[in-house]
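Below, each chain spelled out in residue letters.
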Amino acid sequence: MLQSSSSAVRTLPLKKRICFLMKLIFFVSSVLIFCEFLIYYVVIFQCHWPEVKAGAHMGNKEISTSVLKAIILADTHLLGEIKGHWLDKLRREWQMERSFQTALWLLRPDIVFILGDVFDEGKWSSPQAWADDVRRFRKMFRHPVPTELVVIVGNHDIGFHYEMTTYKVKRFEKVFNFTSGKLITRKGINFVIVNSIAMESDGCAICRTSEAELVALSHKLNCSQQKPNHSNKRCSDVEKLPASEPILLQHYPLYRKSDAECSGEDAAPPEEKNIPFKEKYDVLSQEASQKLIWWFHPRLILSGHTHSACEVLHAGKIPEISVPSFSWRNRNNPNFIMGSITPTDFSLRKCFLPYESRVFTIYCAAGALLVILILAHFQLLTPPFYFAQRLISKHKAV
Ligand SMILES: [Zn+2]
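Residues numbered from 1 in each chain as written. Predicted model: local features only at pLDDT ≥ 70, side-chain atom pairs only at ≥ 80, totals over all residues. Heavy atoms only, no water.

The following threshold applies: UniProt positions are given in the numbering used here, feature names are shortened, and annotations may be inferred rather than shown by experiment.
For the protein chain, an unreviewed UniProt entry supplies the name Metallophosphoesterase 1 and the organism Apteryx mantelli. Looking at the Function (unreviewed entry) heading of the UniProt record, one finds this comment for the protein chain: "Metallophosphoesterase that catalyzes the removal of a side-chain ethanolamine-phosphate (EtNP) from the second mannose of the GPI-anchor protein intermediate. Participates in the glycan remodeling steps of GPI-anchor maturation to allow an efficient transport of GPI-anchor proteins from the endoplasmic reticulum to the Golgi." In its Subcellular location (unreviewed entry) section, the UniProt entry covering the protein chain states "Membrane".

Laid out in structure tokens, this is it:
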């Protein structure tokens, strides 16, 4: 059998062999193009901006306002030079780059927020490693001028509170134009940016500066929300901002006991859900969480850090959305949030990226098919009917 097959290989005309090779190259490149490029379009094309009422009531008048289209993602964890294996880096960074670029192209957001842990090793990287990480980040998350990119600091970018230094905070601020307590106002919507690692309330220099900025901003925002005829001496000299309740953007979630109440396919796995969260490590302390709610009375809080999704209601009325990780390294089913936001209303929807397991399954199926095609071509695969026919003829001869 083997002898006859090898002679078949030898006798195949050159033209036929080239033709077969071309077919194989076409097959392999089609699978590669689909899994590494087209699949992102197929999957993200199914995402649509959620509807939101664009009108706002002011007294008895309805004022039409334009809708801000925002994408919110978290925990990209670009691997560093110490813990990052080159293949892991290549694969996961390509996945995030394609996801981000495809989402920009298909969805055309006005603004994108990344809720911290942009890098995996920012907390200890050398100046050279930091520069290389920043260069790769800029390439992956490049964006056209009309789309704004806002990056919030996470513990992997500057370290947990005990390892956070002014040098690391400044280096992050310089690259991303980030400051805690910064207000970003777009289309009358107020976004408050928080360095949640500096919410330790232990009187450290970074914490004191950050808290002072937040208190000053909360004063401005609260004064701006007062009715024009409401005279408050403390607000007389304060710069007026749009009178819209703010949206808080931060890395650590506000305090919650655990992820036990979280649901959905992108929530934490059952074995992790009931593990109690540690304050100032997994979530903000109860004190810091209360402060942020008192200062800002936010209408929405968006956070990252847990790598899994969750929806929590604070004080019975303030929703917080924990945004899962954007990277395959942290979950099989990464996603991002699409928000249609006006000064008075918002509507959010999840957009899932391709599942890593599905891409892997396509590669395995394509690999198996490729082996079958090669074996069949060289007649190394006996078709069942051919095998049965030979058995029958042998039987007859006996
Ligand atoms: Zn984190």
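Next comes the rest of the description.
## Thoughts on the environment of Cys-35
Selection criterion: Strands here mean DSSP runs of E at least two residues long; helices mean DSSP runs of H or I at least four residues long; both are numbered from the N terminus. Partly exposed residues are those whose accessible area sits between 20% and 50% of the maximum for their type, while under 20% is buried and over 50% is exposed, using a 1.4 Å probe and protein chains only. The contact rule is simple, with two residues in contact once any of their heavy atoms fall within 4.5 Å.
Of note, Cys-35 is situated in helix 2 (residues 14-44). The exposure class of Cys-35 is buried, given its relative accessible area of 0%. Taking the C-alpha atoms as reference points, Cys-35 and Val-359, separated by 324 residues in sequence, lie 6.1 Å from one another. The contact partners of Cys-35, leaving out residues within four places of it in the chain, are Tyr-40, Val-359, Ile-362 and Tyr-363.

## Re the sheet that holds strand 13 (residues 346-352)
We count it as follows: Note: two strands are recorded as paired if DSSP finds a minimum of 2 bridges between them. Lines fitted to the C-alpha atoms define the axes, with helices restricted to the stretch that makes contact. Angles between their N-to-C directions range from 0 to 180 degrees.
Ordered by their spatial adjacency, five strands build an open sheet running 5-4-3-12-13, and the pairing between neighbours is mixed. Edge strands, defined here as strands with exactly one partner in the open sheet, are strand 5 (148-151) and strand 13. Averaged over all neighbouring strand pairs, the angle between strand axes comes to 20 degrees, with direction disregarded. In the sheet, strand 4 (residues 111-114) pairs with strand 5 via four bridges, with the strands oriented parallel. When the bridges of strand 5 are listed, Ile-114 appears paired with Val-151.

## Points about the environment of Ile-71
Relative to the elements of secondary structure, Ile-71 occurs in strand 3 (residues 68-73). Here Ile-71 falls in the buried class, since its relative accessible area comes to 2%. Taking the C-alpha atoms as reference, Ile-71 lies 8.5 Å from Ile-114; in sequence the two are 43 residues apart. If we skip the residues at most four places from it in the chain, Ile-71 touches Trp-49, Ala-103, Leu-107, Pro-109, Ile-111, Val-112, Phe-113, Phe-336 and Ile-337.

## Overview of helix 3 (residues 86-107)
The following threshold applies: Take the number of residues in a helix, subtract one, and multiply by 1.5 Å to get its expected span.
The first and last C-alpha atoms of helix 3 sit 31 Å apart over 22 residues, in line with the 32 Å expected at 1.5 Å per residue. Of the residues trailing helix 3, Arg-108 is marked for its positive phi of about 45 degrees.

## Re the confidence of the model for the protein chain
Which entries qualify depends on this criterion: One number per residue, pLDDT, summarises how confident the predictor is, and it ranges from 0 to 100.
With 88% of its residues at a pLDDT of 70 or more, the protein chain shows a mean pLDDT of 89. Taken together, the stretch residues 1-6 has pLDDT below 50 and engages in seven contacts with residues farther than four places along the chain or on a different chain.

## A word on the pairing of strand 11 (residues 318-322)
Counting buried positions along strand 11 yields five of five residues, so the element is predominantly enclosed. Residues Ile-318, Glu-320 and Ser-322 point to one face of strand 11 and Pro-319 and Ile-321 to the other, with burial holding for every one of them. Bridge count between strand 9 (residues 300-303) and strand 11: three bridges; the pairing is parallel. In the sheet register, Leu-302 faces strand 11, and the bridge partner there is Ile-321.

## Examining the UniProt feature "transmembrane region" (unreviewed entry) in the protein chain
UniProt feature "transmembrane region" (unreviewed entry): in the numbering of this structure it lies at residues 20-43 and 360-381. Split by type, residues 20-43 is 100% helix and 0% strand. Its first and last C-alpha atoms lie 32 Å apart.

## Some details on the coordination of the zinc ion
How we decide: For Na, K and Ca the donor cut-off is 3.2 Å, while for other metals it is 2.8 Å, and in both cases only N, O and S atoms qualify; water is not among them, so sites may look incomplete.
Within the protein, the atoms that donate to the zinc ion are Asp-117 (OD), Asn-155 (OD1), His-251 (NE2) and His-305 (ND1), at distances of 2.1 to 2.2 Å. The exposure class assigned to Asn-155 is buried, which follows from its relative accessible area of 1%.

## Digging into the packing of helix 2 against helix 10 (residues 356-377)
Think of two packed helices as two axes; the pair is described by the angle between the axes and how far apart they sit. Under the convention used in this document: Any angle from 65 to 115 degrees is called roughly perpendicular, while one under 35 is roughly parallel, one over 145 is roughly antiparallel, and all others are oblique. Residues were grouped as follows: Ala, Val, Leu, Ile, Met, Phe, Trp, Tyr, Cys and Pro as nonpolar; Asp, Glu, Lys and Arg as charged; and all remaining residues, including Gly, as polar.
Where helix 2 contacts helix 10, the two axes come as close as 11 Å, and the packing angle between them is 175 degrees. It follows that helix 2 is roughly antiparallel to helix 10 by the angle criterion. Mapping the contact onto sequence places Phe-20, Leu-24, Phe-27, Val-28, Val-31, Leu-32, Phe-34, Cys-35, Glu-36 and Ile-39 in helix 2 and Val-359, Ile-362, Tyr-363, Ala-366, Leu-369, Leu-370, Leu-373, Ile-374 and His-377 in helix 10. In the contact of helix 2 with helix 10, the residues fall into 17 nonpolar, one polar and one charged.

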